[in-house]
Amino acid sequence: VEELKGVAGVELLGFVQPNDLPGVMRAARCLVLPSVWEQWGVVIQEAAASGLPVIASHRCGAVTAYLHDGVNGYIVPPRAGEIAAAMARISRATEKELLAMSGAGVQLASLWTPSKLAAYFHARVCERLATDPDYRRSSRTSNRANGQSA
């Protein structure tokens, strides 16, 4: 990150308050998340949903769902040279290419919305409860330990 300070066209924003995020995304050309480790990185989904191309480290969990390399951005190792090369590709992209990346990102983001994820996990838990007596028992035991009725 230190290597990018002072580079023309690069803003190092760090954490952005949720209320400020839509404006930041509207003003950006792409999102760069070069994390060395990021269990998920919800901002990748947020950027894809807003139509921003994304450059993210392969160490961010969300790239598996919301980023297809070369389609709506680039998946890179968390090293300055590879990040800079991907940023240069975005900078050189034509408006037509950026629009295609934008559309692909929006489409990918729509595959797993919060409500779709909740429905998916609810269905999996219900299936498990219906078919696995040990899981049902452990759920009741866990609820009782937390002061909830079974």
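Data block above holds the structure.
Procedures and definitions
Residues numbered from 1 in each chain as written. Predicted model: local features only at pLDDT ≥ 70, side-chain atom pairs only at ≥ 80, totals over all residues. Heavy atoms only, no water. 1 Å grid on protein atoms, 1.4 Å probe; cavity = no way out; pocket = protein on both sides within 12 Å on 5 of 7 lines; lining within 4 Å. Points joined across faces, edges and corners; volume = space filled by probe spheres on them. Helix = DSSP H or I, 4+ residues; strand = E, 2+ residues; numbered from the N terminus. Nonpolar A, V, L, I, M, F, W, Y, C, P; charged D, E, K, R; others polar. Disulfide = S-S within 2.5 Å. Pairing = 2+ DSSP bridges. Axes fitted to C-alpha atoms, helices over the stretch in contact; angles between N-to-C directions. Contact = heavy atoms within 4.5 Å. Parallel < 35°, antiparallel > 145°, perpendicular 65-115°, else oblique. Left-handed = near helix turned anticlockwise from the far one by under 90°. Polar contact = N/O pair within 3.5 Å; in protein donor to acceptor, adjacent residues only side chain to side chain.

1. Section: the layout of surface pockets
The volume enclosed by the largest pocket comes to roughly 1,100 Å³. Around the largest pocket, the lining is made up of 32 residues, and of these Glu11, Leu13, Cys30, Leu31 and Val32 lie nearest the centre. Among the elements that line the lining of the largest pocket, the one with the most residues is helix α4 (residues 80-92), at five residues. A per-class count over the lining of the largest pocket returns 26 nonpolar, three polar and three charged.

2. Overview of the state of the cysteines
Tallying each qualifying case throughout the model produces zero disulfides. Looking at the unpaired Cys30, the closest cysteine sulfur is the one in Cys60, lying at 14 Å.

3. Comments concerning the sheet that holds strand β1 (residues 31-33)
Pairing between the strands of a sheet is mediated by backbone hydrogen bonds and can be parallel or antiparallel. Read across the sheet, three strands follow the order β1-β2-β3 without closing on themselves; strand pairing throughout is parallel. The sheet terminates laterally at β1 and β3 (73-76), the two strands that pair on one side only. This sheet shows a mean twist of 5° between the axes of neighbouring strands, independent of strand direction. Sheet topology note: the β1/strand β2 (residues 54-57) ladder contains three bridges and is parallel. Paired with Val32 across the two strands is Ile55, which belongs to β2. Each of β1 and β2 touches helix α2 (residues 42-49); the most contacted strand, β1, lies at about 165° to it. Contacts between α4 and the sheet are confined to β1, β2 and β3, with β3 contributing the most and set at about 170° to the helix.

4. What about the packing of α2 against helix α5 (residues 95-111)?
The geometry of α2 relative to α5 is characterised by a closest axis approach of 7 Å and an angle of 125° between their N-to-C directions. In terms of orientation, α2 and α5 fall into the oblique class. When the axes of α2 and α5 are compared, the crossing they make is left-handed. Between α2, through Gln45, Ala48 and Ala49, and α5, the contact on the second element is made entirely by Gly105, Val106 and Ala109. Taken together, the residues of the contact of α2 with α5 sort by class into four nonpolar, two polar and no charged.

5. A word on the environment of Ser35
Relative to the elements of secondary structure, Ser35 occurs in the loop between β1 and α2. For the pair Ser35 and Gln107, spaced 72 residues apart in sequence, the C-alpha separation works out to 24 Å. Setting aside residues no more than four positions away along its own chain, Ser35 makes contact with Ser57, Arg59, Cys60 and Pro78. A polar contact of 2.8 Å, which involves the side chain of Ser35, links it to the side chain of Glu38.

In short, geometric facts, not functional conclusions.
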